[in-house]
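Residues per chain, in single letters:
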Amino acid sequence: MRQKLVAGNWKMHGSQRLVTDLLNKLLNQQPLSAKVLVFPPYPYLSQATKLLAGSFIGVGAQDCSQAEEGAYTSEVSAAMLADLGVSHVLLGHSERRQYHAETDTQVLEKAKRALAANLIPVVCVGETLAEREAGATAEVVLRQLTTLLDDLSLDELKKVVVAYEPVWAIGTGLTATPEQAQEVHALLRAAVAKVDKDLAASMLFLYGGSMKPDNAASLLEMPDIDGGLIGGASLDADQFLAIRKAAE
Ligand code: PEP
């Protein structure tokens, strides 16, 4: 039985005030069975890890550098994130792939750095609308996932979380139907099963793309959807908590 995971990607939103208000509202809740994670922007990570230390809520960063350290102005290393008490790192989000031309190989290199620093990589895969309409969804998501499966060791892969985020559904209000999302999740899990059956049974596959309180339950009840990566709705404590409830 896989533990459900509900993760909030704040993207480039927030302030010190929002961190305090939102996280205190989340902390006021009872821990439930689903694991909760928040991904604030870099400047608020330290504040968040201090506030959430020892609680049922974990903190992730939205990216990390593919370099270990050195002359890479503006970059943030995986080791620095671990030093702050961050436990997870989002990699290959479609906004990184789209606006920063991040490639599958760079995502792999970042995942290696994250794992070496004891961070859990949450690797995003997903097709654009044009790719879906061209019937290329399976090819695209399998290519993105296979880059990791071919290179990481079994022990490393055991720590990886995958988020299926159809690009056309992110921040658009369009959501994949539960059946569309399940189909892709099952495909991804089957690809992992070719590497190792136990790994496929334990790996978490999150769905992301306009997940809201009114569509969360139907997505989260699908057999291969183990949780949600939530953007917009994670900035509103009531909505985020309603999604977390739907994950129970
Ligand atoms: C995301 O940022 O990863 C995301 C899924 O955003 P939204 O929920 O707003 O579509």
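Data block above holds the structure.
Here the structure is a predicted model, which is why all the values come from computation and not from measurement. (Residues numbered from 1 in each chain as written. Predicted model: local features only at pLDDT ≥ 70, side-chain atom pairs only at ≥ 80, totals over all residues. Heavy atoms only, no water.)

Ordered by their spatial adjacency, 8 strands build a closed barrel running 1-2-3-4-5-6-7-8, and the pairing between neighbours is parallel. Averaged over all adjacent pairs, the angle separating strand axes in this sheet is 25°, with direction ignored. Both strand 5 (residues 120–125) and strand 6 (residues 161–164) contribute to a ladder of 4 bridges, which runs parallel. Each bridged residue has a counterpart across the sheet, and for V122 the counterpart in strand 6 is V161. Contacts between helix 9 (residues 178–195) and the sheet are confined to strand 5, strand 6 and strand 7 (205–208), with strand 7 contributing the most and set at about 150° to the helix. Those strands touched by helix 12 (residues 237–246) are strand 1 (5–9), strand 2 (35–39) and strand 8 (227–230), and its axis lies near 160° from that of strand 1. (Pairing = 2+ DSSP bridges. Helix = DSSP H or I, 4+ residues; strand = E, 2+ residues; numbered from the N terminus. Axes fitted to C-alpha atoms, helices over the stretch in contact; angles between N-to-C directions. Contact = heavy atoms within 4.5 Å.)

Grouped together as the largest cluster of nonpolar side chains are 67 residues, with contacts concentrated most on V38, L81 and Y207. If sequence neighbours within four positions are ignored, L81 has contacts with Y42, L45, A61, D63, C64, V76, V86, V89 and L119. Counting residues in each nonpolar core, the second largest holds 12 residues, with A7, L37, L206 and L229 among its members. (Core = buried A, V, L, I, M, F, W, Y, C linked by side-chain atoms within 4.5 Å. Buried < 20%, exposed > 50% of the residue type's maximum accessible area, 1.4 Å probe, protein only.)

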